[in-house]
Amino acid sequence: MTTDQDLYAGSTETTEGRVFTVSGQDWDSVVDGLAEDADERIVVNMGPQHPSTHGVLRLILELEGETVTEARCGIGYLHTGIEKNMEYRSWTQGVTFCTRMDYLSPFYNEMTYVLGVERLLDIEDDIPEKAQVMRVLLMELNRISSHLVCIATGGMEIGALTVMTIGFRERELVLDLFELITGLRMNHAFIRPGGVAQDLPPGALDEIRGFISLMRKRLPEYADLCNANPIFKARLEGVGHLDLQGCLALGLSGPVLRATGYPWDLRKTQPYSGYETYDFDVQTWDTADAYGRFRIRLNEMWESLRIVEQAADRLAKLDGAPVMIGDKKIAWPSQLAIGSDGMGNSLDHIRHIMGESMEALIHHFKLVTEGFRVPAGQAYVPVESPRGELGAHVVSDGGTRPFRAHFRDPSFTNLQATSVMSEGGMVADVIVAIASIDPVMGGVDR
């Protein structure tokens, strides 16, 4: 071996054409290199500000006429440093950061992180039943709202504007429920280690049942508009094709995987939060294309409604039950209440810690400012998010802050399929293929 040989970028001989070694330079130089000897080819940038890229995703497309010969993703335009920031906050404060990653399914970000923390604390069996049911309820409502955005934006991009308008109409109803239950439309930080932040407010179950009844009337509209629509099917059928072998090779999950006919759903295969006690079916399709992924998301909203209804029935029987673990060394001390000034600590709690018990005030102060300690170790507990397997690898060194928190976001993994799905198709098919993956760049660039 010679001393000037590069250990990380060795040379190679090929008969396939020119080889480009990309080692950190800007994409512009790579694009220039591709265009040097191109007579009929053109390199086009789509994004990162393009509306059809579902966020700040940059696509570098090499075209021959209307045909895409090469497609590559450029990510990193929305990098937030959330994972690093979590190392400088207490375990409970970490929920406030990670809920902002995949901003279309915030409850799943919170859930996978909290499940990891609870496993490290060895309190998985101590979480109150009502808290578990509320978690399932919120996650399935979140699945509906996320799928509605996917179908609505995907419809908008191919000219089905009615699908877009009714999709966001229904999503508003879900966000109204989130606001009623958590006080916020998104970025809730509601699922906490040990349970959830607060109980359901009065009248919440009636609102949830009203939503279920209305959605059962509204969901058939999507089927009527799209399922057998010849224009809609022509744009989606056979587009973005990726079979089971390709999905497994790339680590793809969620509707993209289930569209190949493989019924992999973590709610069934690796149940958490009592999902094994709910009656629902895993939805699959057999076309492995964009149309199959659309049909799966439509069907999954029906299944989520079934789960939400079962959760509502259980919550009706758990009126007054606790929603946070009884261990006061872990349970967040605030007793939240909704008053004339919005949401804050209940007056009874403030009276107790400020005027009745010095010990309660000290405990409150220590737990809020410093936080609880988590035994040293590491845990990974994945959940089935609307886009696939979402997991948090949580590492503790025994302190009051995460030593490391790293998330396996399905949008990041599924984006690998962009080139496979797009190359050989038309430029218009790239839009459909990306929409069928349903990436959220907040989760990719976390």
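Definitions and cut-offs
Residues numbered from 1 in each chain as written. Predicted model: local features only at pLDDT ≥ 70, side-chain atom pairs only at ≥ 80, totals over all residues. Heavy atoms only, no water. UniProt positions renumbered as here; feature names shortened; annotations may be inferred. Helix = DSSP H or I, 4+ residues; strand = E, 2+ residues; numbered from the N terminus. Buried < 20%, exposed > 50% of the residue type's maximum accessible area, 1.4 Å probe, protein only. Contact = heavy atoms within 4.5 Å. Areas by Shrake-Rupley, 256 points an atom, 1.4 Å probe, with all protein chains shown as cover. Axes fitted to C-alpha atoms, helices over the stretch in contact; angles between N-to-C directions. Parallel < 35°, antiparallel > 145°, perpendicular 65-115°, else oblique. Left-handed = near helix turned anticlockwise from the far one by under 90°. Nonpolar A, V, L, I, M, F, W, Y, C, P; charged D, E, K, R; others polar. Patch = residues over 30% accessible without salt bridge, like charges linked within 9 Å, V, L, I, M, F, W, Y side chains within 5 Å. Salt bridge = Lys/Arg side-chain N within 4 Å of Asp/Glu carboxyl O. Lys, Arg positive; Asp, Glu negative; His and termini not counted. Charge placed at Lys NZ, Arg CZ, Asp CG, Glu CD. Expected span 1.5 Å × (residues − 1). Pairing = 2+ DSSP bridges. Core = buried A, V, L, I, M, F, W, Y, C linked by side-chain atoms within 4.5 Å. Phe/Tyr/Trp six-rings, centres within 6.5 Å; stacked < 30°, edge-to-face > 60°. Lys NZ or Arg CZ within 6 Å of the ring centre and 35° of its normal. Polar contact = N/O pair within 3.5 Å; in protein donor to acceptor, adjacent residues only side chain to side chain.

- An unreviewed UniProt entry lists the chain under the name NADH-quinone oxidoreductase subunit D, with Nocardioides aquiterrae given as the organism.
- Quoted verbatim from the Catalytic activity (unreviewed entry) field of the UniProt record, the comment on the chain reads "a quinone + NADH + 5 H(+)(in) = a quinol + NAD(+) + 4 H(+)(out)".
- Turning to the chain, the UniProt annotation filed under Subunit (unreviewed entry) states: "NDH-1 is composed of 14 different subunits. Subunits NuoB, C, D, E, F, and G constitute the peripheral sector of the complex."

### Observations regarding the overall build of the chain
Working step 1: For the chain, the count of helices and strands is 18 helices and 11 strands.
Working step 2: Expressed as a percentage of its 446 residues, the buried residues of the chain come to 52%.
Working step 3: In the chain, of all internal contacts separated by at least 6 residues, the share reaching a separation of at least 24 is 69%.
Working step 4: A total of about 20,000 Å² of accessible surface is found on the chain, and carbon and sulfur atoms cover 52% of it.

### What to know about the packing of helix α6 (residues 161-182) against helix α7 (residues 204-227)
Working step 1: As a packed pair, α6 and α7 sit with axes 11 Å apart at the nearest point and diverge in direction by 165 degrees. Classified by the angle their axes make, α6 and α7 are roughly antiparallel. Seen along the crossing, α6 lies across α7 with a hand that is left-handed. Here Thr162, Val163, Ile166, Gly167, Arg169, Glu170, Leu173, Val174, Leu177, Leu180 and Ile181 of α6 come into contact with α7, specifically with Ala204, Glu207, Ile208, Phe211, Leu214, Met215, Arg218, Glu221, Tyr222, Leu225 and Cys226.
Working step 2: Considering only residue class, the contact of α6 with α7 consists of 15 nonpolar, two polar and five charged.

### Looking at a negative patch on the surface
Working step 1: Side chains of Asp122, Asp125, Asp126 and Asp327 sit close together on the surface and give a patch of like negative charge.
Working step 2: Note that aspartate 122 resides in the loop between α4 (106-121) and α5 (129-157).
Working step 3: Aspartate 122 sits in the exposed class, given a relative accessible area of 63%.

### Considerations on helix α12 (residues 290-317)
Working step 1: Its 28 residues place the ends of α12 41 Å apart at the C-alpha level, agreeing with the 40 Å of an ideal helix rising 1.5 Å per residue.
Working step 2: Across the 28 residues that make up α12, a large majority, 21, are buried.

### Re the sheet that holds strand β2 (residues 58-64)
Picture the strands of a sheet paired through backbone hydrogen bonds; they go either parallel or antiparallel.
Working step 1: With respect to topology, three strands assemble into an open sheet ordered β1-β2-β3, the strand pairing being antiparallel. Bordering the open sheet on either side are β1 (41-46) and β3 (67-74), each of which pairs with just one other strand. Each strand of the sheet is rotated relative to its neighbour by a mean of 20 degrees, with strand direction disregarded.
Working step 2: With seven bridges joining them, β2 and β3 adopt antiparallel strand pairing. By the bridge assignment, leucine 61 is partnered in β3 with alanine 71.

### Some details on the nonpolar core
Working step 1: Membership of the largest hydrophobic core comes to 88 residues, with the highest contact counts inside it found for Tyr113 and Ile208.
Working step 2: Those residues within four positions of tyrosine 113 in sequence are excluded, and the remaining contacts are Met86, Ser90, Trp91, Gly94, Val95, Cys98, Ala392, Val394, Pro402 and Phe407.
Working step 3: Met46, Leu61, Val68 and Met441 belong to the second largest nonpolar core, which has 13 residues in total.

### Structural notes on the packing of aromatic side chains
Working step 1: Throughout the structure, instances matching the rule amount to eight aromatic pairs.
Working step 2: Aromatic pair tryptophan 285 and tyrosine 291: ring centres 6.5 Å apart, planes at 75 degrees, arrangement edge-to-face.
Working step 3: Owing to a relative accessible area of 5%, tyrosine 291 belongs among the buried residues under this scheme.
Working step 4: One aromatic cluster in this structure is built from Phe232, Trp285, Tyr291 and Phe294.
Working step 5: Just above the ring of phenylalanine 280 sits the side chain of lysine 268; from NZ or CZ to the centre is 4.4 Å.
Working step 6: When the ring centre of phenylalanine 412 is taken as reference, the NZ or CZ atom of arginine 446 above it lies at 5.6 Å.

### Notes on the side chain of serine 273
Working step 1: For serine 273, the location among the structural elements is in the loop between α11 (266-269) and α12.
Working step 2: There is a polar contact of 3.2 Å between the side chain of serine 273 and the side chain of glutamine 132.
Working step 3: The contacts of serine 273, once residues within four sequence positions are left out, are Met111, Leu115, Gln132, Val136 and Tyr278.

### Observations regarding the packing of α12 against helix α17 (residues 427-437)
Working step 1: It is the contact of α12 with α17, at a shortest axis distance of 9 Å, that shows an interaxial angle of 35 degrees. Crossing of α12 over α17 shows left-handed handedness. Contacts from Ala290, Arg293 and Arg297 of α12 reach α17 at Val432, Ser436 and Ile437.
Working step 2: Residues of the contact of α12 with α17, tallied by class, amount to three nonpolar, one polar and two charged.

### As for unusual backbone geometry
Working step 1: Positive phi outside glycine occurs at histidine 54, with the angle close to 55 degrees.
Working step 2: Histidine 54 gets classed as buried once you look at its relative accessible area, which sits at 12%.
Working step 3: At aspartate 122, a position not held by glycine, the phi torsion is positive, near 60 degrees.

### Section: the side chain of serine 90
Working step 1: Here serine 90 shows up in the loop between α2 (82-86) and α3 (93-98).
Working step 2: Discounting chain neighbours no more than four positions away, the residues touching serine 90 are Tyr113, Glu370, Gly371, Thr400, Arg401 and Pro402.

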